[in-house]
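For reference, the chains in residue letters:
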Amino acid sequence: LSQTRDTEALAADVLKMRKRMREELTRKAGRGAAQPPFVIKQGKGGIVDIEFMVQFIVLSQSAQCKALLTYSDNIRILEAAAGCGVLSAQEIERLTQAYLALRATLHEFALQYTEAGPESQATEAATAEALAPLADYRADVTRMWQQVFSAYDQ
């Protein structure tokens, strides 16, 4: 993990993979699958965007900052990134808050569907209402994504 990498090539690979995942999600939704207004894990500004940023930071910066290799969980890697000066403490705090809020909501939805049984479905309006508090977090994640990848996203 700590080898020096071509950051431009790495960023291009990450962006290509993320784009392909988003296209697949859009394609599946187009086949008539009911999709909530925002897919917590895969949607723009969602959990996977945070995970991809964290892994990009590890792969692109760990040769210069070994602290990024100490832990494997996203939150402690983000803390290490602040210590390495990769992102500011405020940026790390917002990404951490977003990650925790998105995961908590995802777990809450999973429990609701499990308890209600497989035939139960939340209405789109109820889902939109439940997701509304996540809007600021999603905006933060999207803003950070643009900041991290803006130099590479052609």
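As shown above, the structure is provided for reference.
Residues numbered from 1 in each chain as written. Predicted model: local features only at pLDDT ≥ 70, side-chain atom pairs only at ≥ 80, totals over all residues. Heavy atoms only, no water.

A. Inspection of helix α3 (residues 74–83) at higher detail. For α3, the set of buried residues is Asn74, Ile75, Ile77, Leu78, Ala80 and Ala81. Backbone geometry just after α3 places Gly85 at a positive phi near 80 degrees. (Buried < 20%, exposed > 50% of the residue type's maximum accessible area, 1.4 Å probe, protein only. Helix = DSSP H or I, 4+ residues; strand = E, 2+ residues; numbered from the N terminus.)

B. A look at the pattern of salt bridges. If you walk through the whole model with that rule in mind, you get 5 salt bridges. Between Asp49 and Arg18 there is a salt bridge; the shortest N-O distance is 2.6 Å. With Asp49 in helix α2 (residues 47–61) and Arg18 in helix α1 (residues 7–30), the pair connects residues that are 31 residues apart, well separated along the chain. When sorted by exposure, Asp49 lands in the same class as Arg18, which is buried. The closest approach of N and O atoms between Asp73 and Arg76, which form a salt bridge, is 2.6 Å. For Asp73, a relative accessible area of 27% puts it in the partly exposed group. Among the charged side chains, a network of salt bridges with common partners joins Arg18, Arg22 and Asp49. (Salt bridge = Lys/Arg side-chain N within 4 Å of Asp/Glu carboxyl O.)

C. Quick peek at the packing of α2 against α3. Their axes nearest at 10 Å, the elements α2 and α3 cross at an angle of 50 degrees. Here α3 runs oblique to α2, going by the angle between their axes. As for how α2 packs across α3, the hand of that crossing is left-handed. On the side of α2, the interface is formed by Glu51, Val54, Gln55, Ile57 and Val58, while α3 contributes Asn74, Ile77, Leu78 and Ala81. In terms of residue class, the contact of α2 with α3 is built from 6 nonpolar, 2 polar and 1 charged. (Axes fitted to C-alpha atoms, helices over the stretch in contact; angles between N-to-C directions. Parallel < 35°, antiparallel > 145°, perpendicular 65-115°, else oblique. Left-handed = near helix turned anticlockwise from the far one by under 90°. Contact = heavy atoms within 4.5 Å. Nonpolar A, V, L, I, M, F, W, Y, C, P; charged D, E, K, R; others polar.)

D. Structural context of the nonpolar core. The biggest cluster of nonpolar side chains holds 37 residues, and the ones touching the most others in it are Ile50, Met53, Leu95 and Phe149. Among the elements of the structure, α1, α2, α3, α4 (89–116) and α6 (135–149) are those that each provide at least two residues to this core. Broken down by element, this core gets its largest block of residues, 9 residues, from α2. The residues touching Met53, leaving out its near neighbours within four places in the chain, are Leu95, Val141, Met144, Trp145, Val148 and Phe149. (Core = buried A, V, L, I, M, F, W, Y, C linked by side-chain atoms within 4.5 Å.)

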